[in-house]
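Summary of the model geometry
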Amino acid sequence: MLVDPRTVGNSDLVSIHGQTIEQILDIVSDQSQFQDLKDPHSEEDTQSLAGTSEVLRRRKREWVIPPIKTPENYRGPFPKHIVQIKSSFAKEARMVYSISGEGADQDPKGLFTINRNNGWLCVTRTLDREAKDKYVLQAHAFVADGEDREEPMEIIAEVIDMNDNTPVFTQNPFLGSVPEASAIGMEFMMVSATDADDPNTDNADVRYSILSQNPQEPDPTMFIINPVTGVIRVNAAGLDREYHVSVPENEVGAVVVKMSVTDGDEPQAPAWTAKFRIISGNNGGFFTVSTGPNKQEGIITTAKPLDFEQNSKYTLLVAAENDVPFAKSLTTSTSTVIVNVLDVNEAPVFDAEKKMISRPENVEVGSELTVYTATDPDTVRTQKVTYRVGSDPAGWLRVDGETGLVEVRSPMDRESCFVKNDAYKAVIIAIDDDPTPATGTGTLVIELDDVNDNAPTIEEGKIRVCNKQSAPVLLSVTDKDSPGFAAPYRVELQGDSRNSWRAMMDETRTGIILRLETALKRGVHIIVLRVFDTKGSYQDSTVLASVCDCAGDNVHCPPIW
């Protein structure tokens, strides 16, 4: 249990204290003997009498000292006027005031000051009641131009308490025990806390409440605490030494329960330190137990994912032992932990996480490729699974939301940049209809079979040759199709190109040897070549030949383009 101590006092008391001080000042100011007081902020004399040099008549001298109370934690501005004091001789002569004692000329020095002319007592910095709750001062008054003085008057400046301290427990933690099957109302332990605020005010009046209970079974309000005394008693029936706990499925490392034990041996000694082991009910090794940092607590956690659909309840028997054997024959302490597995909405699972299919690249739009479906592992729940395309880089696919049927949406192309190693990957998503839907994903891999949908082309678009004894030029041929639809190639010259040029395949049947057979005038000439692949598919390619006035392979002429 986590218990919270708090005080009755609150911030509203601060405003009440502030009003009390103002009322005190008002009372002082309203007294008839202070009707001649000036502004408390003025440095002028409170009274100036012409006859101050006259001899004062001897009689009993009187002081008017109002009660002095000031709140702690005031943050300024400073100096802060507290109260005005005044001699009863103030109407007969000009009086001068001073103070001595704690907070004046004694430590803490300078905390209180007095205006020597008008008697206003001030505090110069923040007070803390918990450091010192009152200050004893001596007030002095004497005639400004003579030696005739009042007798010193004791002033007690009391610091008004504010609720600025939180309660503190007298120990942490509090350890208690209660017999199982205890009756409702049974008192079994007490907690206590102290507060540094004024014990005579509500600020130090501590109240208790329970913040949390772990575990919450069998009742989340198993215990109740007396808010005044701190006594804890049983509040509900069903106390059992067995632990009934719940843990969500599929989580590894989840804390199942923390079991506290007590030991009468010397604390922190090996004979006091506890260790724990699960002696039954852990078939499959789904749970593990360890000793907590305080050496008196066993912590059970999940070692493997739990599956609600496979097993919704485990009953563990846990033994608590010491690091050293018992000195005499003692019964080993055991406890039963009943673990209820909580059902969690799990994502649909595709029949195959990665599904491979093979189709020709020129399959028609609208064709059915495959049915790719998922099942919901939550067998206890009745949920509907729907489908949609998650990732389709080329935009070639669509999926039926009800059946998972995947169809061709737009023409596919094996030679596309989205195809890697002749395969195209898409992601299909399955979603259940739980209020908090869970989503599963599957990868569809389409191996695209090549078709002869690309004709061979010549890479070089421009060449330079001499018009005399011309050297042959090697042209490169490429085909985007796979080898079965590409080389070996053959070539034919087209149109007028056949009159002056000769073209033939090289030994590898992948390159074209082009030679000028008849001398041509200097200039740019167009050559048209038709290149066939092994299946007879062809394409005409145009090559621009710059013919120069030179001989052999030493092509030297001004650039034509």
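Everything here concerns the structure above.
Everything in this summary refers to the structure shown in the same document. Sequence positions are assigned chain by chain, starting from 1 and proceeding in written order. Where local features are concerned, this predicted model is filtered to residues with pLDDT of at least 70; where side-chain atom pairs are given and counted, the filter is 80 or more; whole-chain, interface and lining totals use all residues. The basis for the side-chain values is all heavy atoms of the structure; hydrogens and waters are excluded.

1. Quick notes on the sheet that holds strand β30 (residues 405-408)
Two strands are counted as paired when DSSP detects at least two bridges linking them. The secondary structure listing takes helices from DSSP runs of H or I that are at least 4 residues long and strands from runs of E that are at least 2 residues long, numbered from the N terminus. Taken together, three strands build an open sheet; the order of strands is β26-β30-β29 and the sheet is antiparallel. Whereas interior strands pair on both sides, the edge strands pair on one side only; in this sheet they are β26 (368-371) and β29 (397-399). On average, each strand axis in the sheet is inclined to that of its neighbour by 25°, with strand direction left out of account. Note: β26 against β30, three bridges, orientation antiparallel. Counterpart to Val371 in the pairing with β30 is Leu405. Note on geometry: axes are lines fitted to C-alpha atoms, helical ones only across the stretch in contact, with angles between N-to-C directions running from 0 to 180 degrees.

2. Here we look at the pattern of salt bridges
Whenever Lys or Arg places a side-chain nitrogen within 4 Å of a carboxyl oxygen from Asp or Glu, that contact is recorded as a salt bridge. The full count for this structure, using the stated rule, is twelve salt bridges. The closest approach of N and O atoms between Arg207 and Asp205, which form a salt bridge, is 2.6 Å. Accessibility expressed as a relative area gives 27% for Arg207, which makes it partly exposed. One salt bridge connects Glu402 with Lys384, and the closest N-O pair in it is separated by 3.1 Å. Placement of Glu402 in the loop between β29 and β30 and of Lys384 in the loop between β27 (374-375) and β28 (385-391) is noted, with a sequence separation of 18 residues between them. Only protein chains enter the accessibility calculation, which uses a 1.4 Å probe. A residue is then buried if its area is under 20% of the maximum for its type, exposed if over 50%, and partly exposed in between. You can call Lys384 partly exposed: its relative accessible area is 44%. Counted as one network, the salt bridges with shared partners bring together Arg129, Glu130 and Asp161.

3. Concerning unusual backbone geometry
The amide bond that connects Asp107 to the next residue, Pro108, takes the cis arrangement and shows omega of -5°. Here Pro108 shows up in the loop between β6 (95-101) and β7 (112-114). The omega angle of the peptide bond from Asn172 to Pro173 is 5°, so this bond is cis rather than trans. With respect to the helices, strands and loops of the structure, Pro173 is situated in the loop between β11 (168-169) and β12 (187-190). Even without a glycine there, the phi angle at Asn250 is positive, about 75°.

4. With respect to the nonpolar core
Remark: nonpolar core denotes a set of buried residues (Ala, Val, Leu, Ile, Met, Phe, Trp, Tyr, Cys) joined through side-chain atoms within 4.5 Å. Core analysis: the biggest nonpolar cluster contains 25 residues, and Ile68, Met95, Phe112, Leu121 and Tyr135 have the highest contact counts within it. No other element matches the five residues that strand β9 (residues 134-143) contributes to this core. Residues within four places of Phe112 in sequence aside, it is in contact with Ile82, Ile99, Glu102, Gly103, Ala104, Leu121, Cys122, Val123, Tyr135, Leu137 and Ala157. Val477, Ala503, Ile512 and Val531 belong to the second-largest nonpolar core, a separate cluster that totals 23 residues. Residues count as neighbours in contact if any of their non-hydrogen atoms are within 4.5 Å of one another.

Remember, this is a structural readout, not a statement about activity or role.
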